[in-house]
Amino acid sequence: MPRPWSPDMTGIHLVVTRLTTGDGRTGTGFSWAPWVGGPAVHALLESDVRDAALGLPAHPEVVFDRLWWHLHEAGRGGLVTIALAAVDLALWDLRAAADGLVDTLGRRRDAVPVYGSGVNRHYSLDELVAQAERWAALGRTAAKIKVGRDDLAEDVERVAAVRRVLGPDARLMVDANQLWDLPRAIRAAEALRPYDPYWIEEPLPAEDVPAYARLRASVDVPIALGENTYTAYQFRDLLTAGACDIVQPNVVRVGGITPFLRIAELARTFDVPAYPHLLPDISGQLACCLPMPAMVEDVEDASFAALGLLTEPHPIRIEGGLLYPGDHGGHGIRFDADALAATAVERPGYSGG
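Note that the coordinates shown come from a computational prediction; the quantities given were computed from them, not determined experimentally. (Residues numbered from 1 in each chain as written. Predicted model: local features only at pLDDT ≥ 70, side-chain atom pairs only at ≥ 80, totals over all residues. Heavy atoms only, no water.)

1. Comments concerning the overall build of the chain
Move 1: Helix and strand content of the chain: 12 helices and 11 strands.
Move 2: Against the globule reference of 20 Å for 353 residues, the chain gives a C-alpha radius of gyration of 20 Å, in line with a compact fold.
Move 3: Within the chain, buried positions represent 55% of all 353 residues.
Move 4: Once local pairs closer than 6 in sequence are excluded, the contacts in the chain between residues at least 24 apart make up 69%.
Move 5: Surface summary for the chain: the accessible area is close to 14,900 Å², and the carbon and sulfur share equals 51%.
Move 6: Across the chain, the mean location of the 32 positive side-chain charges is 3 Å away from that of the 47 negative side-chain charges. (Helix = DSSP H or I, 4+ residues; strand = E, 2+ residues; numbered from the N terminus. Rg over C-alpha atoms; globule rule 2.2 N^0.38 Å. Buried < 20%, exposed > 50% of the residue type's maximum accessible area, 1.4 Å probe, protein only. Contact = heavy atoms within 4.5 Å. Areas by Shrake-Rupley, 256 points an atom, 1.4 Å probe, with all protein chains shown as cover. Lys, Arg positive; Asp, Glu negative; His and termini not counted. Charge placed at Lys NZ, Arg CZ, Asp CG, Glu CD.)

2. Topic: unusual backbone geometry
Move 1: Following Glu-312, the chain continues into Pro-313 via a peptide bond in cis, with omega recorded as 0 degrees.
Move 2: Residue position: Pro-313 is located in the loop between β9 (296-299) and β10 (316-319).
Move 3: Here Gln-178, not a glycine, exhibits a phi torsion of approximately 70 degrees, which is positive.
Move 4: Of note, the phi angle at Asp-271 is positive, near 60 degrees, even though the residue is not glycine.
Move 5: Examined against the element boundaries, Asp-271 turns out to sit in the loop between α10 (257-268) and α11 (280-287).

3. Observations concerning the environment of Lys-144
Move 1: Relative to the elements of secondary structure, Lys-144 occurs in strand β4 (residues 142-146).
Move 2: Given a relative accessible area of 1%, Lys-144 falls into the buried group.
Move 3: Ignoring any residue separated from it by four or fewer positions in sequence, one finds Lys-144 in contact with Tyr-115, Gly-116, Ser-117, Gly-118, Asn-120, Trp-135, Met-173, Val-174, Asp-175, Trp-199, Glu-201 and Glu-297.
Move 4: A polar contact is formed between the side chain of Lys-144 and the side chain of Glu-297, at a distance of 2.9 Å. (Polar contact = N/O pair within 3.5 Å; in protein donor to acceptor, adjacent residues only side chain to side chain.)

4. Some thoughts on the nonpolar core
Move 1: Judged by nonpolar contacts, the single largest core of 113 residues is most densely connected at Phe-30, Leu-67, Val-252, Ile-282 and Phe-304.
Move 2: Sort the elements by how many residues they give to this core and helix α3 (residues 79-95) lands first, with 12 residues.
Move 3: Non-local contacts of Val-252, meaning those with residues more than four positions away in its chain, are made with Phe-30, Ser-31, Trp-32, Thr-81, Ile-82, Ala-85, Leu-89 and Leu-279. (Core = buried A, V, L, I, M, F, W, Y, C linked by side-chain atoms within 4.5 Å.)

5. What about the pairing of strand β5 (residues 171-175)?
Regular strands have side chains that alternate between both faces of the sheet.
Move 1: Of all five residues that make up β5, four are buried, and the element is covered over most of its length.
Move 2: Bridging between β4 and β5 involves five bridges; their strand directions are parallel. Bridge pairing in β5 links Ala-143 to Leu-172.
Move 3: Strand direction decides the pairing type here: β5 and strand β6 (residues 197-201), joined by three bridges, are parallel. Looking at the pairing, Leu-172 lines up with Pro-197 of β6. (Pairing = 2+ DSSP bridges.)

6. Some points on empty space enclosed by the protein
Move 1: What the rule picks out here adds up to three cavities of 30 Å³ or more.
Move 2: By volume, the largest cavity is sized at about 90 Å³.
Move 3: Forming the walls of the largest cavity are Trp-5, Ile-12, Trp-32, Leu-278, Leu-279, Pro-280, Asp-281, Asp-298, Val-299, Ala-302, Ser-303 and Phe-304.
Move 4: Secondary structure elements with two or more residues in the lining of the largest cavity: α11 and β9.
Move 5: For the lining of the largest cavity, the class distribution of residues is nine nonpolar, one polar and two charged. (1 Å grid on protein atoms, 1.4 Å probe; cavity = no way out; pocket = protein on both sides within 12 Å on 5 of 7 lines; lining within 4 Å. Points joined across faces, edges and corners; volume = space filled by probe spheres on them. Nonpolar A, V, L, I, M, F, W, Y, C, P; charged D, E, K, R; others polar.)

7. With respect to helix α2 (residues 60-71)
Move 1: Its 12 residues place the ends of α2 16 Å apart at the C-alpha level, agreeing with the 16 Å of an ideal helix rising 1.5 Å per residue.
Move 2: What α2 keeps buried is the set Pro-60, Val-63, Phe-64, Leu-67, Trp-68 and Leu-71. Seen from one end, α2 has its buried residues packed into an arc of 125 degrees, which puts them on one side.
Move 3: Along its buried surface, α2 packs onto α1 (38-53), α3, α9 (232-240) and α10. (Expected span 1.5 Å × (residues − 1). Arc of directions from axis to C-beta.)

8. Side note on the environment of Met-295
Move 1: Considering the arrangement of structural elements, one finds Met-295 in the loop between α11 and β9.
Move 2: Between the C-alpha atom of Met-295 and that of Asp-336, which follows or precedes it by 41 residues, the distance is 27 Å.

9. Describing α10
Move 1: In this model α10 runs 16 Å from its N-terminal to its C-terminal C-alpha over 12 residues, within 8% of the 16 Å that 1.5 Å per residue would give.
Move 2: Within the span of α10, buried status applies to Ile-257, Thr-258, Pro-259, Phe-260, Ile-263, Ala-264 and Ala-267.
Move 3: In this fold, the buried residues of α10 make contact with α2, α3, α4 (101-105), α9, β8 (246-247) and α11.

10. Quick look at the packing of aromatic side chains
Move 1: This model, assessed by the stated rule, comprises six aromatic pairs.
Move 2: Judged by centre distance (6.1 Å) and plane angle (50 degrees), the ring pair of Tyr-198 and Trp-199 falls under tilted.
Move 3: Consider the rings of Phe-304 and Phe-335, whose centres lie 5.4 Å apart with planes at 65 degrees: the pair is edge-to-face. Here the residue Phe-304 occupies a position in the loop between β9 and β10, and Phe-335 occupies one in the loop between β11 (322-325) and α12 (337-343), the gap between them amounting to 31 residues. In this structure, Phe-304 and Phe-335 share a single accessibility class: buried.
Move 4: One aromatic cluster is present, formed by Tyr-115, Tyr-198, Trp-199 and Tyr-275 through successive ring pairs.
Move 5: Over the ring of Trp-92 we find Arg-95, and its NZ or CZ is 4.7 Å from the ring centre.
Move 6: The ring centre of Tyr-324 lies 4.4 Å from the NZ or CZ of Arg-317, which sits over that ring. (Phe/Tyr/Trp six-rings, centres within 6.5 Å; stacked < 30°, edge-to-face > 60°. Lys NZ or Arg CZ within 6 Å of the ring centre and 35° of its normal.)

The following block contains the structure:
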């Protein structure tokens, strides 16, 4: 990545999958894993997933349920659902070949708000302000920054500086990436209150559902979480516990479009909106079909299009503060083979990129 997410996180893992049906149609899917997991996902796809998928009907829901049941002995989330996403996305690419993904799922809106985002906890204050100024220049009316530095006063200073850049009417979200404990999260929510945070994201470890319920009952800032939640069962537990105001399923981490839609529909029964996490090239299209309003996250220089990995036309376009889906068949994500080859990193004993 041209803009590293931390000093030691300079790239992401991307596994592109092509699925061919018996009558010769081809769909493209992918798995995505920042930091760790790419080689393991690749190995799982090449072995157990491939063996279990061969011969199944090209039906996303049927295949997801069959593969989930077959593979869940290896884990009920994480590597298993990330690998399943590659198959599910390819099957939806096939299903939507004629009308495009948005109209196949059911278009509810022609554009969705987009918020500028950055993995920027390691940025200096000047670098963070410069990033916020770039968002403002692009017409972003919402943005999210990282918090969770060792000194809470530094977080307050940084949030205040970004608020000054964006102005009082912009939506400003903060993301602690699970770095706080419950007392610190309560103190931080109070300290950040003057800057009107639109939500606080993942302030606690993602698995600690009781602590999230206690936090939400203790503060009046909306709580968002779900990027590190992998199954509909886990989202059910968050919702029934009253642990959050917004869920943020990541379409790859939950296993693809099929479970993503199930999670969004589940959340609707609790009047909780689903805001897709990352991956605007696909998340933006899904957000246009969700039953409740949503925003889409665009991490600076991190979309597939921004990374130069896609051929044109791109599946979405962003103008000012809005994201528009393109006019294409399938999900429209067409990877550039030359660009993938140029960015691949070879690892000993691993032939993938």
